[in-house]
Amino acid sequence: MAYCVRTCDGRYFPLQGKAGEEGGALAQCNAFCPAATMAIYTSSDSTKGIDAAVSRAGKAYSELPNAFVYRQRLVEGCTCTEGSRIGGLNRIDVMNDPTLRRGDVVMTEEGSRVFTGGRKGPPYREADFVEPARFPDLSRDMRARLSELEMASR
């Protein structure tokens, strides 16, 4: 299990994919939290989560000077988003989302689309996303659920 950790207050979130992927792990963290310094912590014990996570240098998350500070207070200037927005993750255009994997469903103004996974990484093209009916690996049940979501959102 790998985590992106915001070093200014210790706030963390799970890292999608493999932490060891070439150049992808820290880039993924920075894409979601570009206004803060990020670090990667990994744990081989998923039951203990962040409590068992260590940095690439072998230091435990709990040794981070700001570990768990986000639970106690807001840290001035410690945010993932620049400007006046406080907290939350940065919004990423789906065409530049480094976390997308084949079969992921995204909602667009035109309705739900399934990422085909045809390209190695962003930026993606409109052709990399298809209607659920055109994605063969999507179950009939999932197609029905997506159709219900689309009808409910109109």
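As a reminder, the structure under discussion sits directly above these lines.
Description of the structure in this document. (Residues numbered from 1 in each chain as written. Predicted model: local features only at pLDDT ≥ 70, side-chain atom pairs only at ≥ 80, totals over all residues. Heavy atoms only, no water.)

Some words on the sheet that holds strand E5 (residues 105-108)
Adjacent strands of a sheet form backbone hydrogen bonds with each other and so pair up, either parallel or antiparallel. In spatial order, the strands read E5-E6-E7; together these 3 strands make up an open sheet with antiparallel pairing. Edge strands, defined here as strands with exactly one partner in the open sheet, are E5 and strand E7 (129-130). Sheet topology places strand E6 (residues 111-115) next to E7; 2 bridges connect them, and they run antiparallel. If you follow Phe-115 over to E7, its bridge partner there is Phe-129. (Pairing = 2+ DSSP bridges. Helix = DSSP H or I, 4+ residues; strand = E, 2+ residues; numbered from the N terminus.)

A closer look at the pattern of salt bridges
Tallied over the full model, the rule gives 5 salt bridges. Ionic pairing is found between Asp-9 and Arg-6, a salt bridge with its closest N-O pair at 2.7 Å. You can call Arg-6 buried: its relative accessible area is 8%. The residue Asp-128 makes a salt bridge to Arg-125 at a minimum N-O spacing of 3.7 Å. (Salt bridge = Lys/Arg side-chain N within 4 Å of Asp/Glu carboxyl O. Buried < 20%, exposed > 50% of the residue type's maximum accessible area, 1.4 Å probe, protein only.)

Comments concerning the sheet that holds strand E3 (residues 38-42)
Read across the sheet, 4 strands follow the order E2-E1-E3-E4 without closing on themselves; strand pairing throughout is antiparallel. With partners counted over all chains shown, the strands left at the sheet margins are strand E2 (12-14) and strand E4 (54-55), one partner each. Bridging between strand E1 (residues 2-6) and E2 involves 3 bridges; their strand directions are antiparallel. Residue pairing across strands places Val-5 opposite Tyr-12, the latter belonging to E2. Strands E1, E2 and E3 of the sheet are contacted by helix H1 (residues 24-32), whose axis makes an angle of about 130° with E3. (Contact = heavy atoms within 4.5 Å. Axes fitted to C-alpha atoms, helices over the stretch in contact; angles between N-to-C directions.)

Quick notes on the state of the cysteines
Per the counting criterion, the structure on display carries 3 disulfides. Linked covalently through their sulfurs, Cys-4 and Cys-29 form a disulfide whose S-S length is 1.9 Å. Taking the sign of the S-S torsion, about -80° here, the bridge from Cys-4 to Cys-29 comes out left-handed. With Cys-4 in strand E1 and Cys-29 in helix H1, this pair connects stretches of sequence that are 25 residues apart. A relative accessible area of 1% places Cys-4 in the buried class. (Disulfide = S-S within 2.5 Å.)

Some remarks on the nonpolar core
Counting residues in hydrophobic clusters, the biggest one holds 12 residues: Ala-2, Cys-4, Phe-13, Leu-15, Ala-25, Cys-29, Phe-32, Cys-33, Ala-36, Met-38, Ile-40 and Cys-80. Of all the secondary-structure elements, those providing two or more residues to this core are E1, H1 and E3. Here the element with the most residues in this core is H1; it accounts for 3 residues. Each residue touching Cys-4, except ones within four places of it in the same chain, is listed here: Arg-11, Tyr-12, Phe-13, Leu-15, Cys-29, Met-38 and Ala-39. Formed by 11 residues, the second largest nonpolar core is a distinct cluster that contains Tyr-3, Ala-53, Tyr-61 and Ala-67. (Core = buried A, V, L, I, M, F, W, Y, C linked by side-chain atoms within 4.5 Å.)

Remarks on the environment of Arg-73
Within the secondary structure, Arg-73 is located in the loop between E4 and E5. In this structure the C-alpha to C-alpha distance between Arg-73 and Asp-9, which are 64 residues apart in sequence, comes to 8.6 Å.

Considering the pairing of E3
On a regular strand, one side chain projects to one face of the sheet and the next to the other, so that they alternate. Within E3, 4 of the 5 residues are buried, which leaves the element mostly enclosed by the surrounding structure. The pairing of E1 with E3 spans 5 bridges and is classified as antiparallel. Paired with Ala-2 across the bridge in E3 is Thr-42. Examined bridge by bridge, E3 and E4 share 2 bridges and lie antiparallel to one another. By the bridge assignment for E4, Tyr-41 is matched with Ser-55.

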